[in-house]
Amino acid sequence: MLVTGIKSKPVYAPLRADPRGRYHLMLGLGVGEVALLRVLRELQESALEGLARTRVLLIPAPAEGDPSSPAGPSGEASAREVRREIESLPLQEVRPFPDVASLLGEFKSVLADSLMGTRLYVAGPESFIGLAMKIALEFNLNKDEIRAEELGSLARRVYCIHCRTTAENVRTNIVRCLGCERWLLVRDHYSRRLAAYMGVMVDAEAPGELPAIKEVFV
């Protein structure tokens, strides 16, 4: 019962370095570190001097042994190896944060002092990307200055159109609003201004009659 094919649903491409940028600001959550490292390697090859003007703000991926760690059977680098390589590069700054709120708070401070020619790279779950993009738009960064790659959980931020409450980390097609307690259908309609998908009352015409609730955003 998901409403699909709506044009507002974001489409993400793999991150690529922009050697034209004078300053590079990177945000990563969890496995997003892998994408940021790929961009840093590209800068190292094509614009080495840009590394000294690169700041990395991240929430580290889980340690080895955690199932959500970047390490996998394909032989990809472990979370620790990825972080070690990032920290070994001659960057302006690499700073870890314990949670999204503290990282985004610092992100705002950095943007307030940013200069012309800054390029923003964001990698991680879509909910994290959306919050970062919302802030970037508030600081008037344009689409040519922002790049994002979706990695990790597909859980969604869902905005109730009835009471304006936002639910975090929604994994099911139907969710109960924490504000008005309506059962909401999680649509594919996405608001960049709100950094959330729209939730619409699913049983408005037949109260109490709900479709099967399934975990679809994992």
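Residues numbered from 1 in each chain as written. Predicted model: local features only at pLDDT ≥ 70, side-chain atom pairs only at ≥ 80, totals over all residues. Heavy atoms only, no water.

J.: Break down empty space enclosed by the protein for me, citing the residues and quoting the values.
T.: In this structure the tally under the stated criterion is two cavities of 30 Å³ or more. Counted as a void, the largest cavity has a volume near 40 Å³. The wall of the largest cavity is formed by E126, S127, G130, A155, R156, R157, Y190, A195, A196 and Y197. Those elements that provide at least two residues to the lining of the largest cavity are α4 (126-138), β6 (156-160) and β10 (196-201). (1 Å grid on protein atoms, 1.4 Å probe; cavity = no way out; pocket = protein on both sides within 12 Å on 5 of 7 lines; lining within 4 Å. Points joined across faces, edges and corners; volume = space filled by probe spheres on them. Helix = DSSP H or I, 4+ residues; strand = E, 2+ residues; numbered from the N terminus.)

J.: So, the side chain of R119: which residues are in play, and what are the values?
T.: One can find R119 in strand β4 (residues 118-124). Since its relative accessible area comes to 13%, R119 is described here as buried. Ignoring any residue separated from it by four or fewer positions in sequence, one finds R119 in contact with D18, R20, G21, Y23, H24, L25, D144, E145 and R147. (Buried < 20%, exposed > 50% of the residue type's maximum accessible area, 1.4 Å probe, protein only. Contact = heavy atoms within 4.5 Å.)

J.: Break down the pattern of salt bridges for me, citing the residues and quoting the values.
T.: Counting across every chain of the model gives 13 salt bridges. With its nearest N and O atoms 2.8 Å apart, the salt bridge here joins D18 to R119. You can see D18 sitting in the segment before β1 (23-29) and its partner R119 sitting in strand β4, a full 101 residues away along the chain. Each of the two residues, D18 as well as R119, counts as buried. In this structure, the salt-bridge partner of E149 is R38, at a minimum N-O distance of 2.3 Å. Here E149, found in strand β5 (residues 146-150), pairs with R38, found in helix α1 (residues 32-46); they are 111 residues apart in sequence, far enough to count as distant. Using a relative accessible area of 11% as the deciding quantity, one classes E149 as buried. (Salt bridge = Lys/Arg side-chain N within 4 Å of Asp/Glu carboxyl O.)

J.: Describe the layout of surface pockets, with residues and values.
T.: With a probe scaled to a water molecule rolled over the atoms, the places where space remains empty come into view. Approximately 390 Å³ is the volume attributed to the largest pocket. Contributions of two or more residues to the lining of the largest pocket are made by α4 and β5. Classifying every residue of the lining of the largest pocket by side-chain character gives 13 nonpolar, two polar and four charged. Each pocket or cavity is described by its volume, and for the second largest pocket that value is around 320 Å³. L29, P125, S127, S153 and N169 are, among the 19 residues lining the second largest pocket, the residues nearest its centre. When residues of the lining of the second largest pocket are traced back to their parent elements, those giving at least two are α4 and β7 (166-170). Here the residues of the lining of the second largest pocket sort into eleven nonpolar, six polar and two charged. (Nonpolar A, V, L, I, M, F, W, Y, C, P; charged D, E, K, R; others polar.)

J.: Just give me the short version of the state of the cysteines, but keep the residues and values in it.
T.: Evaluated as defined, the whole model comprises zero disulfides. Here C177 is not disulfide-linked; the sulfur of C163 is the nearest cysteine sulfur, at 3.5 Å. Residue classification places C177 among the buried residues on the basis of a relative accessible area of 5%. (Disulfide = S-S within 2.5 Å.)

J.: I'd like a rundown of the sheet that holds β6, residues and numbers included.
T.: The strand order across the open sheet formed by five strands is β7-β6-β10-β9-β8, and the pairing between neighbours is mixed. The open sheet has two edge strands with one neighbour each: β7 and β8 (174-176). Strand-to-strand twist in this sheet, taken as the mean axis angle between neighbours without regard to direction, amounts to 45°. Of the pairings in the sheet, the one linking β8 to strand β9 (residues 183-191) comprises three bridges and is antiparallel in character. Counted as the bridge partner of R176 is W183 from β9. (Pairing = 2+ DSSP bridges. Axes fitted to C-alpha atoms, helices over the stretch in contact; angles between N-to-C directions.)

J.: Give me the lowdown on the pairing of β1, citing residues and values where you can.
T.: The buried count for β1 comes to six of seven residues, which makes it a mostly enclosed element. Both β1 and β4 contribute to a ladder of six bridges, which runs parallel. Along β4, the bridge assignment pairs H24 with R119. Pairing analysis gives six bridges linking β1 to strand β2 (residues 54-59), with the strands arranged parallel.

That is the geometry; function is a separate question.
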